[in-house]
Structures are given as C-alpha cells and as structure tokens.
Protein chains: 4
Amino acid sequence: MARSKEEVVQEFRIHTIRDAAMRVIARRGMAAATMQEIADEAGVAKGTIYLYFKDRDDLVEKTFESAMSDLHKRVDEALETEGTFEVKLRAVVAAQIGFFQANREFFRLYISLRYPEGNAQQQRRQKRHCQPQYKSRVERIAAVIEAAMERGEIRKMDPMRLALFIIEGSSAVIIERVLDEAPPPEEADIELIAGTILGGIRS
Amino acid sequence: MARSKEEVVQEFRIHTIRDAAMRVIARRGMAAATMQEIADEAGVAKGTIYLYFKDRDDLVEKTFESAMSDLHKRVDEALETEGTFEVKLRAVVAAQIGFFQANREFFRLYISLRYPEGNAQQQRRQKRHCQPQYKSRVERIAAVIEAAMERGEIRKMDPMRLALFIIEGSSAVIIERVLDEAPPPEEADIELIAGTILGGIRS
Amino acid sequence: MARSKEEVVQEFRIHTIRDAAMRVIARRGMAAATMQEIADEAGVAKGTIYLYFKDRDDLVEKTFESAMSDLHKRVDEALETEGTFEVKLRAVVAAQIGFFQANREFFRLYISLRYPEGNAQQQRRQKRHCQPQYKSRVERIAAVIEAAMERGEIRKMDPMRLALFIIEGSSAVIIERVLDEAPPPEEADIELIAGTILGGIRS
Amino acid sequence: MARSKEEVVQEFRIHTIRDAAMRVIARRGMAAATMQEIADEAGVAKGTIYLYFKDRDDLVEKTFESAMSDLHKRVDEALETEGTFEVKLRAVVAAQIGFFQANREFFRLYISLRYPEGNAQQQRRQKRHCQPQYKSRVERIAAVIEAAMERGEIRKMDPMRLALFIIEGSSAVIIERVLDEAPPPEEADIELIAGTILGGIRS
DNA sequence: CATGAATGAGAATTCATTCAT
DNA sequence: AATGAATGAATTCTCATTCAT
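Chains are numbered independently. Their residues run from 1 in the order of the written sequence. As a convention, the first chain written is A and the first ligand written is 1, with the rest following in written order. Where totals are concerned, whole chains, interfaces and linings use all residues; where local detail is concerned, this predicted model gives features only for residues with pLDDT of at least 70, and gives and counts side-chain atom pairs only at 80 or more. Computation of side-chain values: all heavy atoms of the structure, hydrogens and water removed.

(A) Structural view of the overall build of chain A. The number of helices and strands found in chain A is 9 helices and 0 strands. When the helices and strands of chain A are listed from N to C terminus, the series reads α-α-α-α-α-α-α-α-α. Relative accessibility under 20% of the residue-type maximum defines a buried residue, over 50% an exposed one, and the middle range a partly exposed one, all with a 1.4 Å probe and only protein chains included. Expressed as a percentage of the 203 residues in chain A, the buried residues total 51%. Any two residues having at least one pair of non-hydrogen atoms within 4.5 Å are treated as being in contact. Considering only intrachain contacts with a sequence separation of at least 6, the fraction spanning at least 24 residues in chain A is 63%. Surface accessibility in these figures is a Shrake-Rupley result with a 1.4 Å probe; residues are shielded only by whichever protein chains are displayed. For chain A, the computed accessible surface area is about 9500 Å², with 52% contributed by carbon and sulfur atoms. Secondary structure elements follow DSSP: runs of H or I no shorter than four residues count as helices, runs of E no shorter than two count as strands, and numbering proceeds from the N terminus.

Right, here's the structure in full:
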C-alpha cells in the first residue's frame, strides 16, 4: 500500500486547509476572508490551496459541506434515539449544543451560507449544494414530528413549520451559549428548550 | 422657514438612497452589493451618496438602523398592548410578520448584520451600533416575560434565553412565510407560534 | 452639442490607451505586455483602462483592429491607383513601407496576432477578428492580380499564393528596413521588390 | 565505454523533451505553453526537465536551435547542389517545403522566436542565440546570390534584401501549404516560387 | 536520478473613494 | 449640490522553479 501514505498526506492537507478556512471565515466573515489569510492560518502557501481546491468558491463550499455533514450526522443519530418524542427532542438539542460547542467558529459560516451572497450564478450554485443539506435536516425532524403526531404524542400542526421553529429557536439559544463567557450547564439549556417546546411556558 | 425646504430635500435623498441600498443588498447580498448598483437603483450618481453618508459602512449601518428602528417600533407597540402575556405575544408575532411582509428584502440585511462580516475594526463598529438594537429588542421582550413570570402567568425560567428562543423561532417561521410563494393565512402561523410557546406541543 | 466634448475626451482616451498598448506590445511582445506597463505608458491608472476596454483581450484586439484597418485603408487606396499592375504594385509596396515606417512598433503586434496564442477559445476569438482582416487584404490583392492576368499583363498562376508571396516577401524587406538604422532610400527598396516580382532576377 | 550508455539515455531524454516542447508550443503558442503540459507531453515529471535544461528559456531556445539547425542543414545541402542558381533555388525551396512538412508544428515556434517576446533581458538572450541562426541562413543564401550575380546569372541588386525577400515570400507560401488541407503538388508551388523569382510575373 | 508537492512572485481585475467640473 | 471619470489598493489565481523524498 504505497498509495496509502500519499492519500493520508492528501487527506491531512485538505483537512488542515478546511479547518483554517473555517477559522478565518468565523473570524472575518465570509466576504472578508481572503485566500492569503486562510493560507497563513493553515501554514501553507497561497498556491497550495489551489492544489486541493479548484477556487475560492470550491473551498468555501467544501468547508461548509464538511461541517454541515458533521452536524447532520449528529442530528441524525439523535433522531434515531429510541424512545418518545421528548427523548428524541432532548437528544437533538444536545447534539446541536455539542456541535456548536465543538465548532464555535462555525456558526458564522453557517449563517453566511444559509443566506448566500454573490451574483445570481453563485447563489444558484450555493443553493444547489448548501440549502439541500439544511432542508433535509428540517425534513428529517419534520418526519419525526409527524410520526409523533400520528402516535398521538403531540398535537396536530404543520410539521415543517414546527421543525423550523424548533431548529432556529434552539440554535439561537445555543449560539448565545457559545458566545457566552460562562454559560449555564448544558442540562439547563436543554431543559429550557425541550421543556418550552413540549409543555409551553404557561404555568 | 427657508431651511425647511432644504431639509426636506435632504431627508428625501437620504430616504431614497437607504431604500435603494436595502433593495440592492437584499438582491445581491451584503458583499456583492456595489456602490454603483446602489447609486443606479437610487437614480443618483455614485458621488452623491458620499454627500449623505460618510462611506459604505456608514450607509449600510444607517440603512440597517433605520429598518431596525421600524421593526423595533412595531414590536414596542405590540408589547404595550393591554392584556395578558398571551395577548402581547400574539401581537408581537403579528408585528414581526407585518414587518417582514412589508420589508421582504430586509431579512438578508438583517442576517448579514446580526452576524457581521469585515475586518476586526468594522466588526467592532457594527457591534457597537447594530448589536445594541437587537439586544435591546431581546431585553424588552425579556422584561415583559419577567413581568408575566412575576404575575404568575408563566413558569420561571431564564427570561433572556426564552426571549431569544421566541424571537428566533418565530423569525424562522416568518422568514419561511416570506419566502413562501403561497403562505398560509397569517392567523395560522400566529396560532402555531403562540400556541406552541404558550402551551407546548404535547397533546 | 454638450455631448460632443465628452465624446471627444472619450475618443482621446481610447486613442491614448491604444497607442500606449501598441508601443508596449511592440517593446515587450504580446505575452509580456502587462496592463500596468500599458497604463504607465498611457499615463493613466490601471483601472482607467477598464473604463474603456472590457479586458486585456479586448484592448489587444481593438488595438490590432485599429492598426490593421489603417494598413488596410492604405493598401486599398494603393490598389485603386489608376494604371497598370506595375503601377498598383509599386503603390502597394510604398503604402506598406509608409505604414510600417509610421508604425514601427506595430509589426510585432502584427506577427503576434497573425499567429495567435492562448487557449483554443482565445484563438477562435482572435481568428474571428484578426485573421479576416489579413485574409481580406490578401484576397483584395489576389483580385487585382487576377484582373491583371485576365488583361494579359501577367502570367497565369495561383493568384492567392502569389499574393501571399508578394505580401510576405515585401513585408520582410520592409521590416528589415524598419529595423535598419540607416535604411536605403525608399525608392531603392520599392524598385528591388517591384522589379523582382515583375521581371524576376534573371539578367 | 560505460559512459556511452548513460550518454545515450541523456541524449534520448533531451530529444524527448525537446520534441514535446515543440508540439506543445505549436499547439498552444509560446506564451500559453506551460512546463506542466510539456512534461506531460514528454511523459516525464516537471522537475526532470530542469535536470536537462536550465530553465524555460533554455528549453525553448535549445528546442528552437535544434529545429533550426535541421532546417539549416537542409538548406545548406540544397545550396551545395551542383548547377545554376536556378537549380539551387529550386532545391532550397524544396528543402524548405520538406522541412515544414516534416515539422508542421514548428512554424509557430519559428514565428514566436523570430520576433521574440519577453522582457528586455530575455530578448537580448534570444537575440544572441536565435537571430544569428536566422541571419546566418539569410547570409548563406545572400552569398550564393552574390556568386550568381558575379557569374552574371542574375541582375545586380542588394543580395541581403533579396535573400530576405526570397526566404519570407517562399516561407509564406509554404506555411499556407502546411495549413492547407489539400495542398497542390509540391512541384506546383516550387514552380510558382522559383518561376516568379527568376523570371518575374510579367507575361 | 526522477519526482511532484509546495512555493510565492506577478498578472488581471474589481470597486470604494476622491475631486475637478 | 451633483456628477461620474479617474484612481490604486486589494484580491484572486497561475505557473516557473525548487527541493525533500
């Protein structure tokens, strides 16, 4: 397996650069992140990036996809937790907290790409690649919600909209956590979110 | 009042340019919105913009502030609705729907600035100006929540985090509404949001 | 005619830049001529060039076309000289000498574009624009040759190939003239070329 | 002779790379021919080229020299044909046709280097190396012309300029041949060129 | 010897900002 | 006050060249 070593190096470089890109985008924002700074952050020369990514768009896209697929995987696993909807919901919220905690920087990239910028052509490209990931996550959750509705666990309402409400509401709380210097224990936030969704806020 | 007329013209120009900026940013996204396109959209020369705004950042900032203060005013009015927390909540959600419906384009600017881009200096500046607006809205809602808690209307929990959860969760649903070609009636979405928050989703 | 002045300025800029481009290309060669050097030579900023030309290709193309159409015009006028083929031939050679003398720098651009470089797409583009100019010049001369053949002034042979032979043979002599520090009188070279073509070199 | 084998390999490598360079330059043009493509075409690694050639300029130069010395040899042999100037001339034209036919790709390199590009330093270098080759060919022909003049075979005129006229005029016709999908028989073009030069075009 | 990954200087292009009219 | 032509800093991307393996 003489190939193996080269592939490992290749993998490693791609990883290094993607991570650097994530950090720089997180620091500067999508638009202000320059190839030079990403290269510096990754500890490679500008030209090296182009050996592994076609162009700037390609790098950003791949970086995003990679992070999203991580979030995706975590949420999917959480959704497969055995038990009631409540159990699943708590698992999902915990998964999101875990993800954003591990990828503190990511949430700005996440925001940047969910509402893509650039000309129409670029937007179409991003939509093609990035939106589906988000949408499919919403849909997965909507499906679990629907199943719970049919089992009579929760009230009937539009499952897609409810999924959105849950994802974004909890993301906001989680992002605040991430920005917080001294966040409360995870359980407190999970309880706040899951409790509110399940039982409402009425005393 | 000879001054008056000049002032009116001044006001009008500022308005025209701000609206143009909002449309262009909405169309292209923050980074791809050029001064030239904004000038064209406003029907003035590029140089004219600089008579009314210090630079690009200033224009964006003022545009954002202006729109936010509109949203702000609406939410504030809603919060002053007489009645229970439920009444206030429904009024707030309705106000947000009304705002985003009237300013369909705004939400991208809103997104862009909530998670500002640019170099560190720009970021600090934006934080100083824009974050407070958002924060103050969250705080106002948190205050109303706290009052309701004290009146025993709702359960005790972290009011700031709850406010965030409500604002973002409902914003997401509302943004989806705005993007939706044929959205359901306003009341349905208000019911979904307010109902979930107040009573939870458990049957 | 308020427009007139602006148009004059516009024309003037285009001229200035084209001339600068010609000088720089002549000096450095097609490939090594940078936008920066062209801008410097023209006494404008790099960005200014892009106000008048879409991109580098556009500038080179227009520069070439402009020079070619000058050469073209001169040769055409020469071909319309009244008289025998000999008279026309001498006029054409004189026109070419005049052109290259006035545009000493041009011949390298001329060479560069007759045998275009770059990728297939660029080549196609150049072929579309530049080759036709050259080809049409060859064809015009070929037509005059054919007419002379029919009048019995000259022997029958392939007119296109003969035209090529005449144009390139004389161009080479003329270019040598241009490079020559102390060239012989024009008449001597015209005589050499026209005499050789018409009467051959046999004593 | 242990050296011999190594030398043979060395020679072979140099040959392979030079030929590849010629094909690539012919295909892409001087400026767009990259070391990578040349390496690929030669079936070696980029770095290998630098073992045999100092740098890109060196490679191009040696490639040119090698091809030119081939053309040179053929023309020299033709010039040594026994007989009148007419016989020699026909032989030279035939030699050129033969050469360009065998090296179809070469003419673009030929053009590129006759009118060299690049910065002043590169130009000086190329002039030093390449121009002499061309010049010496012109001079050799000029010498033969002069001899013929002295023997009274042809009229007195500037032999250098006449040589240029003959070389370029015939090259143009020959290049057209090469580009031609279905060229006329060689003899026809030889006749056209030699006939015109010797006897002129007057009937 | 041969390789090809890594480098970084250098080129084209864009666009916020200025300033003469 | 309004204009928009001119500017040049900043950015992306390419490719000749080097050097560790």
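Moving on from the model shown.
(B) Quick peek at the protein's contact with DNA strand E. If you check the shell around DNA strand E, you find 30 residues, and the closest are Arg13, Thr48 and Tyr52 of chain A, Lys46 of chain C together with Thr48 of chain D. Take the atoms of DNA strand E that sit within 4 Å of the protein: sugar and phosphate atoms are 68% of them. Here Lys46 of chain C contributes a side-chain N or O atom positioned 2.8 Å from a base oxygen of DNA strand E. Pairs of N or O atoms within 3.5 Å make up the polar contacts considered here, provided that, within protein, one atom can donate a hydrogen while the other can accept it, and that residues adjacent in sequence are counted only when both atoms are side-chain atoms. One of the backbone N or O atoms of Gly47 of chain D is found 3.3 Å from a base nitrogen in DNA strand E. Asp, Glu, Lys and Arg are counted as charged, while Ala, Val, Leu, Ile, Met, Phe, Trp, Tyr, Cys and Pro are counted as nonpolar; the rest, among them Gly, fall into the polar class. Residue composition of the surface near DNA strand E, by class: 14 nonpolar, 6 polar and 10 charged. One heavy atom suffices: a residue is near a molecule or strand as soon as one of its heavy atoms comes within 4 Å of it.

(C) Representation of the packing of aromatic side chains within the structure. Centres within 6.5 Å make a pair out of two Phe, Tyr or Trp rings, where for Trp the six-membered ring is used; the pair is then stacked when the planes are under 30 degrees apart, edge-to-face when over 60, and tilted otherwise. A complete count under the given rule lists 2 aromatic pairs over all chains for this structure. Seen from their ring centres, Phe165 of chain A and Phe165 of chain B are 5.5 Å apart, and the 75 degrees between their planes marks the pair as edge-to-face. Of this pair, Phe165 of chain A sits in helix α8 (residues 159-179) while Phe165 of chain B sits in helix α8 (residues 159-179), on two different chains.

(D) Local environment of helix α2 (residues 35-42) of chain C. Of all the residues in α2 of chain C, the buried ones are Met35, Glu37, Ile38, Ala39 and Ala42 of chain C. Phi for Gly43 of chain C, located one or two positions after α2 of chain C, is positive at around 75 degrees.

(E) The arrangement of the protein's contact with DNA strand F in detail. Around DNA strand F sit 30 residues, and of these Lys46 of chain A, Thr48 of chain B together with Arg13, Thr48 and Tyr52 of chain C come closest. Those atoms of DNA strand F that come within 4 Å of the protein belong to sugar or phosphate at a rate of 70%. Note that a base nitrogen of DNA strand F is positioned 2.5 Å from one of the side-chain N or O atoms of Lys46 of chain A. The side chain of Tyr50 of chain A places a nitrogen or oxygen atom 2.9 Å from a phosphate oxygen of DNA strand F. Breaking the surface near DNA strand F down by element, the ones donating at least two residues are α3 (46-52) of chain A, α3 (46-52) of chain B, α3 (46-52) of chain C together with α3 (46-52) of chain D. Class assignment for the residues of the surface near DNA strand F results in 14 nonpolar, 6 polar and 10 charged.

(F) View of helix α9 (residues 186-199) of chain B. Residues and elements named next belong to chain B. The end-to-end C-alpha distance of α9 is 19 Å, a good match for the 20 Å that 14 residues give at a rise of 1.5 Å each. Those residues of α9 that fall on the buried side of the exposure criterion are Asp189, Ile190, Leu192, Ile193, Ala194, Gly195, Thr196, Ile197 and Leu198. Of the residues trailing α9, Gly200 is marked for its positive phi of about 75 degrees. Here, expected helix span is obtained from the residue count minus one, scaled by 1.5 Å.

(G) Structural detail: the packing of helix α4 (residues 56-79) of chain D against helix α5 (residues 85-102) of chain D. Residue and element names in this part refer to chain D. Think of each axis as a best-fit line through the C-alpha atoms, taken over the contacting stretch in the case of a helix, with angles from 0 to 180 degrees between the N-to-C directions. In contact at an axis separation of 8 Å, α4 and α5 are set at 155 degrees when each is read in the N-to-C sense. Relative to α5, α4 is oriented roughly antiparallel. Of the two possible hands of crossing, α4 and α5 adopt the one that is right-handed. Residue-level inspection shows Ala67, Asp70, Leu71, Arg74, Val75, Ala78 and Leu79 of α4 in contact with α5, the latter providing Lys88, Ala91, Val92, Ala95, Gln96, Gly98, Phe99 and Ala102. Of the residues contributing to the contact of α4 with α5, the split by class is 10 nonpolar, 2 polar and 3 charged. To sort the angles, those under 35 degrees are grouped as roughly parallel, those over 145 as roughly antiparallel, those from 65 to 115 as roughly perpendicular, and the leftovers as oblique. We call a crossing left-handed when the near helix sits turned anticlockwise from the far one by less than a right angle, and right-handed when that turn is clockwise.

(H) Here's a closer look at the confidence of the model for chain A. On average, chain A scores 81 in pLDDT, and the residues at 70 or more come to 81%. The predictor rates its confidence in each residue with pLDDT, a number between 0 and 100. Segment residues 115-129 of chain A: pLDDT under 50, and 35 contacts once partners within four positions in sequence are set aside and those in other chains are kept.

(I) Spatial organisation of the pattern of salt bridges. By convention in these notes, a salt bridge is any Lys or Arg side-chain nitrogen within 4 Å of a carboxyl oxygen on Asp or Glu. What the rule picks out here adds up to 36 salt bridges over all chains. Between Arg161 of chain A and Asp189 of chain B there is a salt bridge, and its shortest N-O distance comes to 2.7 Å. One end of the pair, Arg161 of chain A, is in helix α8; the other, Asp189 of chain B, is in helix α9, on a second chain. Across the pair, Asp189 of chain B and Arg161 of chain A agree in class, each one buried. What you see here is one network of salt bridges that share partners, running through Glu86, Arg90 and Glu191 of chain A.

(J) Looking closely at the environment of Glu77 of chain A. All names here are of chain A. Positionally, Glu77 belongs in helix α4 (residues 56-79). Assessed through its relative accessible area of 54%, Glu77 is described here as exposed. Linking Glu77 and Lys88, residues 11 residues apart in sequence, is a C-alpha distance of 9.6 Å.

(K) Quick peek at the environment of Ile166 of chain A. Residue and element names in this part refer to chain A. Structurally, the position occupied by Ile166 is in helix α8. C-alpha of Ile166 to C-alpha of Met68: the two residues are 98 residues apart in sequence and 18 Å apart in space. Leaving out residues up to four positions away in the same chain, Ile166 has contacts with Leu89, Ile145 and Ile197.

(L) Broad picture of the environment of Pro159 of chain A. Residues and elements named next belong to chain A. Note that Pro159 resides in helix α8. In the structure, Pro159 is positioned 14 residues away from Ile145 in sequence and 6.2 Å away in space, judged by C-alpha atoms. Not counting chain neighbours up to four residues away, the residues in contact with Pro159 comprise Ala142, Ile145, Glu146 and Met149.

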